[in-house]
Amino acid sequence: MRRNRNAFALALALVACACDNGGPDRQLAKEMEVIEEATESFANALLDMSVAVRNRDSKTVARFFAPLVQTNGIPGAAGQPETSGWIVQQHWIVSDQVSGITGTQLVAQLDRFLSGCTVEDARFKVANSTVSGQSVVAAVKWWLIARNPKGQRAWTRGRADAAATRDRGAWRLDRFVVKKLHTMTAVVDVFDEVAEPAGMAATARPVAARKDEPFAAYGTATADVDRDGLLDLFATGADGNHLYRNLGDGTFDDIAKQALVHQFPQTVTAPLFLDFDNDGDTDLFLSAIGTQVLLENRLVPDKKLVFWDVSNKRGVARPAIGFSAVATDVNGDGFPDIYVASYNRYGEVLPDSWDGASNGTPNLLFVSKGDGTYAEAAAQWGVADRRWTYAAGFADVDEDGKPDLYIANDFGGGNALYMHRGDKFVDEARSRGVVDGGYGMGVSFADYDNDGHLDLHVTRMSSTAGRRILSRLGGGKLPTKDRLERMAVGNALYRNNGEGHFQEVTAEVGPFSGGWAWGGGFIDIDNNGFEDLYTPNGFISGTSLKDT
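This write-up is about the structure you can find in this document.

Thresholds applied
Residues numbered from 1 in each chain as written. Predicted model: local features only at pLDDT ≥ 70, side-chain atom pairs only at ≥ 80, totals over all residues. Heavy atoms only, no water. Pairing = 2+ DSSP bridges. Helix = DSSP H or I, 4+ residues; strand = E, 2+ residues; numbered from the N terminus. Axes fitted to C-alpha atoms, helices over the stretch in contact; angles between N-to-C directions. Buried < 20%, exposed > 50% of the residue type's maximum accessible area, 1.4 Å probe, protein only. Contact = heavy atoms within 4.5 Å.

1. With respect to the sheet that holds strand β23 (residues 416-420)
Judged by pairing direction, the sheet is antiparallel, and its four strands sit side by side in the order β21-β22-β23-β24 without closing on themselves. The open sheet has two free edges, formed respectively by β21 (389-395) and β24 (425-427), since each of these has just one partner strand. Taken pair by pair, the neighbouring strands of this sheet meet at an average axis angle of 20 degrees, ignoring direction. Bridge analysis of β23 against β24 gives three bridges, and the strand direction is antiparallel. Its bridge partner lying in β24, tyrosine 418 is registered against aspartate 427.

Take a look at the structure:
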């Protein structure tokens, strides 16, 4: 069974669960459901309009506007550009004069705004709304990603006050007043898509064709597996794994089959490179849905790049719903130990709570015995967390010379910060300010403010629909509102104040809305000495933007 949590339905379900005590709160939930039916219908119409804008189909775009629209128009002039490194920012001059023009005229203004541009993506979304019968008044956020006439990538963000009326099932905008419009332009392309010419392009079968396969998170890892001084890449996938050997000329050769790592009986998810036996070459651990996998690189001693499956021999063939793995030396013996984040079989097993799930599967900690074998000791070390763990990260957050462990849990179960205390870990997430409680999907440590202390970024879900629905609750309506909001607001950034105590600075530094976000984290993209943040996102998509 595939995972498919529609943001609208999920947010209403969360509110309904929180209102389960009946009375006024239950009535509130019913009222919200009626309001949101109309709002979601309007939001879906805006997404259909988004597709038409992306396709530069002005005739279709015009169908979403009434014959007469109250508007201040699409801005035609921008303020002085502000340059920061490779980014140029411009705020467009928004008129304060609102008057009536035809929908066709307003679409023509949008066409002029996009003149000479190649639109790569367009999204119009409802941030909040009020509903009266067949009419909606809404705050609309919109995004445009395009190549401008100079071929530079530009990202435009806008906000508008809008109103629309539904007539015979079709929504028509009769008010569209732009409040803000801002464009960021990359004067150079920092990244280019080169997978195909580099020999690394791969296409997976559609999800619909993999109905009997488990819901799984796939990943990649890099290391110099052949010791030639060049980074190679390993990627897992539903249709087999890939080991891309770097040829040194910008191209790669997939040697997964020759290296004996192309297929395994179980579903392998996230790769982790490490030298588990300290013999000087890089071995490979694969978290898996089923028994975990450890592959020994035989470059040393055989001088041949093949990987032998030594999972049973080395003691890691333990069952889990492994979604990712990290390694460090937890006991100080000079050998890497391995921690596996174990999820659950989503679809076959549903969370016991959408805002505090605790029925995941226990995480694993493989502790090296110093002879190349491992003992599973998560319970002994106090880290057999059995919430829906998606990701984990080791870091010495209190600077005592010992690795601490942070784990991100899905479904609002709260995260853990396990502090290293001799021969065990103790969860101090709450006292150190990082219990979080969102839909945790990723963990990353770095010193973003260059103050000498490791800070924490947590990847989480964000939902425009979820935030909109929760905004209707007002203050004090539900005892769990703050927790519910955390599940829709997006990624979080925590600043280390020293000695491993954290302060959330998301609002001041961000925010970091990443959509249906996974993994990612810190990376200095432009090599300026300051950490940037990258968040991949997305999920199962159909032919329509609303079908996600």
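2. Structural notes on the pairing of β23
The buried fraction of β23 amounts to five of the five residues, a majority that puts the element mostly inside the structure. Burial of the side chains of β23 extends over both faces: Ala416, Tyr418 and His420 are buried on one face and Leu417 and Met419 on the other. Two elements, strand β22 (residues 404-409) and β23, share three bridges in a ladder whose sense is antiparallel. In the strand pairing of β23, isoleucine 407 is matched with alanine 416.

3. Section: the sheet that holds strand β25 (residues 440-446)
Spatially, four strands are ordered β25-β26-β27-β28 in an open sheet, and the strand pairing comes out antiparallel. The sheet terminates laterally at β25 and β28 (502-504), the two strands that pair on one side only. When the angles between neighbouring strand axes are averaged without regard to direction, this sheet yields 20 degrees. Across six bridges, the pairing between β25 and strand β26 (residues 455-460) is antiparallel. Within β26, the residue paired with phenylalanine 445 across the bridge is leucine 456.

4. Focus: the environment of alanine 223
Note that alanine 223 resides in strand β9 (residues 220-223). Along the primary structure alanine 223 and aspartate 283 are separated by 60 residues, whereas in three dimensions their C-alpha atoms are 9.5 Å apart. Dropping the residues within four chain positions of it, alanine 223 is found in contact with Leu230, Leu231, Asp232, Phe273 and Thr282.

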